[in-house]
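Topology and contacts: notes
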Amino acid sequence: MKAGVDGLKRRGEFLAAARSGMKWATAGVVVQARPWTAPESQAHGARRVAVRVGFTASRKVGNSVARNRARRRLRAAAEACLPDAPPGHDYVLIARVATIDRPYDRLVADLAEALRKAPRPRPARSKPRSSATAPGAPGGGT
């Protein structure tokens, strides 16, 4: 990885990014972001790390060959996009089925858009979801 970029390695780091609620999905990639706390900023700043990034691909993407290819493509796209990403965050890049066949320039554009938008908190929903209106629930649809 380039200077100023460190990798996420432990499962807890990936789960913390998922719990943050900062997420953006595009056709080629899903990006989860988590801002650093003040002690983390000091620790990473001392090592001159601007962002940390982790890559993952589930079995939905395909067999091990397909998952590894998807992660390699995400790493290559991340090298192009991470210097422009907002610093002080952990990013988890999640491969999608389309990651494998998506043209590289479109994958980079997807990642750049997701990195720009993911660190913002998601807006609150205007209407809360209710399980009472779900099909099969008492009083719900058929």
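The residue numbers shown here count from 1 along each chain, following its written sequence. The predicted origin of the model limits local features to residues at a pLDDT of at least 70 and limits the giving and counting of side-chain atom pairs to 80 or more, whereas totals for whole chains, interfaces and linings rest on all residues. Hydrogens and waters are ignored; side-chain quantities use all the structure's heavy atoms.

For the chain, an unreviewed UniProt entry supplies the name Ribonuclease P protein component and the organism Tistrella bauzanensis. UniProt positions are given in the numbering used here, feature names are shortened, and annotations may be inferred rather than shown by experiment. Regarding the chain, the UniProt comment filed under Sequence similarities (unreviewed entry) reads as follows: "Belongs to the RnpA family."

A few words on the overall build of the chain. Secondary structure counts use DSSP, requiring at least four H or I residues in a row for a helix and at least two E residues in a row for a strand, with both numbered from the N terminus. Regarding its fold elements, the chain presents five helices and five strands. Ordered by position in the sequence, the α and β elements of the chain form the string β-α-β-β-α-β-α-β-α-α. Partly exposed describes any residue whose relative accessible area lies between the buried limit of under 20% and the exposed limit of over 50%, with all areas from a 1.4 Å probe on protein chains only and scaled to the type maximum. Across the 142 residues of the chain, 39% fall into the buried class. Whether two residues are in contact is decided by their heavy atoms, any of which lying within 4.5 Å being enough. Taking as baseline every contact in the chain between residues at least 6 positions apart, the subset at least 24 positions apart corresponds to 72%. For accessible areas, the Shrake-Rupley method is used with a probe of radius 1.4 Å. Any residue's cover is judged against the shown protein chains and nothing else. In the structure as shown, the chain presents an accessible area of about 8800 Å², 53% of it carried by carbon and sulfur atoms.

Here strand 5 (residues 89-95) lies mainly inside the structure; six of its seven residues are buried. Of the strand pairs in this sheet, strand 4 (residues 51-56) and strand 5 are connected by six bridges, and their pairing is parallel. Its bridge partner being in strand 5, Thr56 is matched across the sheet by Ile94. When the strands point away from the viewer, a crossover counts as right-handed if the route from the first strand across the helix to the second turns clockwise. Handedness of the β-α-β unit built from strand 4, helix 3 (residues 64-81) and strand 5 comes out left-handed. Should DSSP find at least two bridges between two strands, the strands are taken to pair.

Our next topic: the confidence of the model for the chain. Scored from 0 to 100, pLDDT reflects the predictor's confidence in each residue. Of all residues in the chain, 72% have pLDDT values of 70 or greater, and the mean over the chain is 80. The secondary structure element of the chain with the lowest average pLDDT is helix 2 (residues 38-46), at 63, and the one with the highest is helix 4 (residues 97-101), at 94.

A few words on the packing of aromatic side chains. Only Phe, Tyr and Trp rings take part, Trp by its six-membered ring, and two of them pair if their centres are within 6.5 Å. Stacked means planes under 30 degrees apart, edge-to-face means over 60, and tilted covers everything else. Under the definition given, this model contains zero aromatic pairs. When the NZ atom of lysine or the CZ atom of arginine is within 6 Å of a ring's centre and also within 35 degrees of its normal, the charge is said to sit over that ring. Directly above the ring of Phe55 sits Arg75, whose terminal nitrogen or CZ lies 5.4 Å from the centroid.

What follows concerns the nonpolar core. Taken as a class, soluble globular proteins show a tendency for nonpolar side chains to be buried jointly. Core analysis: the biggest nonpolar cluster contains 27 residues, and Val31, Leu74, Leu82, Tyr91, Leu93, Leu111 and Leu115 have the highest contact counts within it. Broken down by element, the residue count for this core peaks at six residues, all from helix 3. Setting aside residues no more than four positions away along its own chain, Leu115 makes contact with Val31, Cys81, Leu82, Ala85, Pro86 and Tyr91. Grouping buried Ala, Val, Leu, Ile, Met, Phe, Trp, Tyr and Cys residues that are joined through side-chain atoms within 4.5 Å yields what is termed a nonpolar core.

This next bit is on the environment of Ala57. Relative to the assigned elements, Ala57 resides in the loop between strand 4 and helix 3. Using a relative accessible area of 10% as the deciding quantity, one classes Ala57 as buried. Along the primary structure Ala57 and Arg96 are separated by 39 residues, whereas in three dimensions their C-alpha atoms are 7.2 Å apart. With residues near it in sequence (within four places) discarded, Ala57 still touches Arg67, Arg71 and Ala95.

Now for helix 3. Each turn of an α-helix holds 3.6 residues, which means side chains three or four residues apart point in the same direction. Helix length check: helix 3, at 18 residues, gives a terminal C-alpha distance of 25 Å against a target of 26 Å (1.5 Å per residue), a fit within 8%. Contacts from the buried residues of helix 3 go to strand 3 (29-35), strand 4, strand 5, helix 4 and helix 5 (104-117). For a helix, the expected span equals 1.5 Å multiplied by the number of residues minus one.

Taking 1.5 Å as the rise per residue, helix 5 with 14 residues should run 20 Å; its terminal C-alpha atoms sit 20 Å apart, in good agreement. Within helix 5, the full set of buried residues consists of Leu107, Val108, Asp110, Leu111, Ala114 and Leu115. End-on, the buried residues of helix 5 take up no more than an arc of 160 degrees, which puts them together on one face. Buried residues belonging to helix 5 abut strand 2 (22-25), strand 3, helix 3, strand 5 and helix 4. To be clear, the arc concerns the directions from the helix axis to the C-beta atoms.

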